[in-house]
Structures are given as structure tokens and as C-alpha cells.
Amino acid sequence: KIKPCPICGDDAPFYVCPHCHNELPYDMVQYGTDIIPIIGGPAVGKTCYIVALLNQLNKYGYKINLVSSFSSMWGNESAKTFKEMESRLFKDHQLLEKTAPRDDGKSAPWFIKIENKNARKKVRPTYLIFYDIAGEQFMDAQTMSRLAAPVHHASGAIVLLDALDIPQVQKVMKEAGIIDYENHFSISQTINELLCLSSEEATRQVLKDRPIAFAFSKSDVIDQFRSSLGTFGETIDMKQNSN
């Protein structure tokens, strides 16, 4: 409801965030939002995954009669940042910088508005909120609970796993003489910490009864070494759901 400003007395005809005081889209407040954290350890590719996910939504959403757009928060700074990242990833074919961790755990959200392509059909829009959060905040359940606040309010989650941590892939790369100097975050540790965070013993059961999707980053390595991966390689179809 419209209420007078406590300082100047004028009526405020819009919603604002009580923390940062930026204007909030009216229908986002009216209809609510869905927070979708991308969970994964350091350097698994979360930033690249989010940008690629939104790129595909923009590119192919019309096939299911949907259009998507960034909200107008922060003077479209989020849209500008996304366009720069999208251009670097898809036009320049360069990886995006690793997201730096923050001590306070706060990260600027990306508000994505999804609505029916047919403007004449009055269907409530859907708002998805993505956070580009440093992987260090997902390294263990305690840190995740303390710093990654979005997981406490999530409608669901996407858990990103590093394909270069798969033992079969590491073995084939070693046999091929390829030395990988990067430390790839453990898949088992990601799953174990996620289970600890949402277990019955946890103080706050995070993501309980919420859908969780699991995805692999850097999965092109599977195609690169498919002929050497034997039965394991045969079970993975990059174009279809895999076993």
C-alpha cells in the first residue's frame, strides 16, 4: 500500500528494498519470486553456467511461448553486466573471471522476469532470482549456512559438479599425458556437504522438500575422450538425458 515517506511526507508510489532502498518491480512484489541458488565449489564454472543458462532461455524460450528479461533494478546495471559477460563468453569465447568471495556473504541478485510471449494473455509473470556466489561459500555446510543466505529461502537449487573431477576422466587424461594443474573441487564433498546442510540433524533444514537439479560443468571433456572412456563414455549422451 502507498504510504507517506517518513522524511519528506510525500506518498511513495513504488516498492523499495528495505536494505538497499532500490526500487522493486511492482508485479515482483505482488506475485513473489523464486530464488534458485547455483551450488558448487570453487572454479566449477557457476558464473559461466548462469550466463549460459540465461542465454539459452533468451534464445529458445519462444519455443514454449516465453520471453525473459532482466528487471529494472539498479538502473539496469545487472542487465549491462550480463550482456558484457554474455558477449565475452559467446562472442569472444573467453572464460569469465572467477567470482571473488565476500566476507559478508552478500551478493547482488539477478532478477529475471519470465512472462508469456502473447501480451494479450494475462498470465502472472514469474521472477527467478540468481546469485553469482563464490564457490568458497559452498565448500562446507557450516560456511554455506552462515554466508550463502539465498539457500535458506530457495525454491529449489541447481548443484553444479565438475566433470574434471570424475575418476574415469582423470585416469584417461593422465594416460594421455595431459597434466592438469588446477585443483578441481570434489564431487563427493559437494554432495556430502549438501546432505549435511539439509539433514534431519541440521539446525535449519535447507532445501527440504525442494527440487534439486544436478548438472555437470566442463562436460565437453566427455566428448573429447569418449573413445577412451569405454563403457562409462557410452552411458553418457550429451544430447539426451544420461544414466
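Going by the structure above, here's the rest.
Residues numbered from 1 in each chain as written. Predicted model: local features only at pLDDT ≥ 70, side-chain atom pairs only at ≥ 80, totals over all residues. Heavy atoms only, no water.

## Observations regarding the sheet that holds strand β6 (residues 109-116)
So, point 1. Spatially, 4 strands are ordered β3-β7-β6-β5 in an open sheet, and the strand pairing comes out mixed. In this open sheet, the two strands that pair with only one neighbour each are β3 (34-35) and β5 (66-70).
So, point 2. Across the sheet, helix α2 (residues 46-60) is in contact with β5, β6 and β7 (126-131); its angle to β6 comes to roughly 20°.
So, point 3. Across the sheet, helix α3 (residues 77-90) touches β5 and β6, and the angle it forms with β6 is around 90°. (Pairing = 2+ DSSP bridges. Helix = DSSP H or I, 4+ residues; strand = E, 2+ residues; numbered from the N terminus. Contact = heavy atoms within 4.5 Å. Axes fitted to C-alpha atoms, helices over the stretch in contact; angles between N-to-C directions.)

## Quick word on the nonpolar core
So, point 1. Formed by 33 residues in total, the largest nonpolar core has its most connected members in Ile39, Val169, Leu207 and Val221.
So, point 2. Counting only elements with at least two residues in this core, the list comes to β7, α4 (141-147), β8 (157-162), α5 (167-175), α6 (187-197) and α7 (220-224).
So, point 3. When residues no more than four places from it in sequence are discounted, the contact partners of leucine 207 are Ile39, Val151, Ala154, Gly156, Ala157, Leu194 and Ile212.
So, point 4. Counting residues in hydrophobic clusters, the runner-up holds 21 residues, among them Val44, Cys48, Leu96 and Leu128. (Core = buried A, V, L, I, M, F, W, Y, C linked by side-chain atoms within 4.5 Å. Buried < 20%, exposed > 50% of the residue type's maximum accessible area, 1.4 Å probe, protein only.)

## Focus: the packing of α2 against α3
The relative placement of two packed helices is expressed as an angle between their axes plus a distance between the axes.
So, point 1. Viewed as axis vectors pointing N to C, α2 and α3 meet at an angle of 95°, and their least axial separation amounts to 10 Å. When the axes of α2 and α3 are compared, the pair comes out roughly perpendicular. The segment α2 lies against α3, with Thr47, Cys48, Val51, Ala52, Leu54, Asn55 and Asn58 engaging Phe82, Met85, Glu86, Leu89 and Phe90.
So, point 2. Each residue belonging to the contact of α2 with α3 can be placed in one class, and the counts come to 8 nonpolar, 3 polar and 1 charged. (Parallel < 35°, antiparallel > 145°, perpendicular 65-115°, else oblique. Nonpolar A, V, L, I, M, F, W, Y, C, P; charged D, E, K, R; others polar.)

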